[in-house]
Amino acid sequence: MEPQLLHRVTDGVATVVIHHPAKRNAMTAGMWEALPPLLDGLAADPAVRALVLTGEGGTFCAGADISTLRESSEPAQSLAVLAEEALASFPKPTLAAIRGHCVGGGSQLAAACDLRFAEEGALFGVTPARLGIVYPASATRRLVALVGPGAAKYLLFSGELMDVERALRTGMVDEVLPEGELDKRVAEFTRVLVSRSQLTQAAAKEFANGRTDREAYWAEQARAGGDTAEGVAAFLERRPPRFTWTTSG
């Protein structure tokens, strides 16, 4: 099978799989280019309430396919930045499910997700210093916001790999699961996500990402959307809420 991004939608969760096992799921230029339109389609699908990004088999993503950088890194890097920004701006909750190596462009994609769950033994690295590449400004700022300036400089300056325990301490990952437990935990947690208010999630995502110009918009959505009334009623009636607000609406 050619290198590609596979996807499926099940019970409100879209799963996007980085599929290039011959090169540990390294991203080709075509895969970088395919990600933004794929995400646009999933964002517009009212059946999708959350998204999981993962890699085929035992590796998340080993970064960019280095063979595509022989002439110049700039075209591939531009495509990677566009893909990263599309993932970061996806309007619904996103979660990276990580096994094995999460390196270079793989770490770039994982950092662009809202949350990162990793299996024991996973390794993280930001490796442009090994290749003499200037890491994109947007990706650098996102990494600093995630792990802090000290850990970001450690990764960027050295290109050394970080084990999953250190990744958890620095904030690179949110949960670490024993071997064989990652899929079960991701399925469990995404069931929680799809049961919650998309209104709350969408507004919280914008605020957490630093957007400051839409407070009035979200206040109006809360007044008109019905989720608040439904949530309070469900709480008082001791029943699961039936939230109806959607980002597609």
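The structure contained in this document is the topic of the report that follows. (Residues numbered from 1 in each chain as written. Predicted model: local features only at pLDDT ≥ 70, side-chain atom pairs only at ≥ 80, totals over all residues. Heavy atoms only, no water.)

**Considerations on the overall build of the chain**
Thought 1: Summing up its helical and strand segments, the chain has 10 helices and nine strands in all.
Thought 2: Relative to the globule expectation of 18 Å for 249 residues, the C-alpha radius of gyration of the chain, 19 Å, shows essentially globular dimensions.
Thought 3: Here the chain, with 249 residues, has 45% of them falling under the buried criterion.
Thought 4: Sequence-distant contacts, at least 24 apart, represent 70% of the contacts inside the chain between residues at least 6 apart.
Thought 5: Of the roughly 12,300 Å² of accessible surface on the chain, 55% is carried by carbon and sulfur atoms.
Thought 6: Here the chain contributes 25 positively and 30 negatively charged side chains, and the mean placements of these two sets differ by 3 Å. (Helix = DSSP H or I, 4+ residues; strand = E, 2+ residues; numbered from the N terminus. Rg over C-alpha atoms; globule rule 2.2 N^0.38 Å. Buried < 20%, exposed > 50% of the residue type's maximum accessible area, 1.4 Å probe, protein only. Contact = heavy atoms within 4.5 Å. Areas by Shrake-Rupley, 256 points an atom, 1.4 Å probe, with all protein chains shown as cover. Lys, Arg positive; Asp, Glu negative; His and termini not counted. Charge placed at Lys NZ, Arg CZ, Asp CG, Glu CD.)

**As for the pattern of salt bridges**
Thought 1: In total, this model carries 16 salt bridges according to the counting rule given.
Thought 2: Note that Arg 116 is salt-bridged to Asp 174, the shortest N-O span being 3.9 Å. Placement of the pair is Arg 116 in strand β6 (residues 115–119) and Asp 174 in the loop between α6 (164–170) and β9 (175–177), with a sequence separation of 58 residues.
Thought 3: Since its relative accessible area comes to 2%, Arg 116 is described here as buried.
Thought 4: Overall, the relative accessible area of 35% leaves Asp 174 in the partly exposed class.
Thought 5: A salt bridge links Glu 188 to Arg 185, with the nearest nitrogen and oxygen atoms 2.5 Å apart. Pair noted here: Glu 188 and Arg 185 are both in helix α7 (residues 182–195), with a separation of three residues, about one helical turn.
Thought 6: Judged by relative accessible area, Glu 188 falls into the partly exposed class, the value being 37%.
Thought 7: Several salt bridges share partner residues, and in doing so they unite Glu 206, Arg 211, Asp 213 and Arg 214 into one network. (Salt bridge = Lys/Arg side-chain N within 4 Å of Asp/Glu carboxyl O.)

**Quick notes on the side chain of Arg 116**
Thought 1: Only 2.9 Å separates the side chain of Arg 116 from the backbone oxygen of Ala 110, close enough to count as a polar contact.
Thought 2: A distance of 2.7 Å separates a polar atom in the side chain of Arg 116 from the backbone oxygen of Cys 113.
Thought 3: Discounting residues that sit within four places of it in the chain, Arg 116 has contacts with Ala 96, Ile 98, Ala 110, Ala 111, Leu 146, Gly 171, Met 172, Val 173, Asp 174 and Glu 175. (Polar contact = N/O pair within 3.5 Å; in protein donor to acceptor, adjacent residues only side chain to side chain.)

**With respect to the packing of aromatic side chains**
Thought 1: By the definition in use, this model includes three aromatic pairs.
Thought 2: With a centroid separation of 4.9 Å and 80° between ring planes, the pair formed by Tyr 217 and Trp 218 is classed as edge-to-face.
Thought 3: The exposure class assigned to Trp 218 is buried, which follows from its relative accessible area of 7%.
Thought 4: Aromatic ring contacts, followed pair by pair, group Tyr 217, Trp 218 and Trp 245 into a single cluster. (Phe/Tyr/Trp six-rings, centres within 6.5 Å; stacked < 30°, edge-to-face > 60°.)

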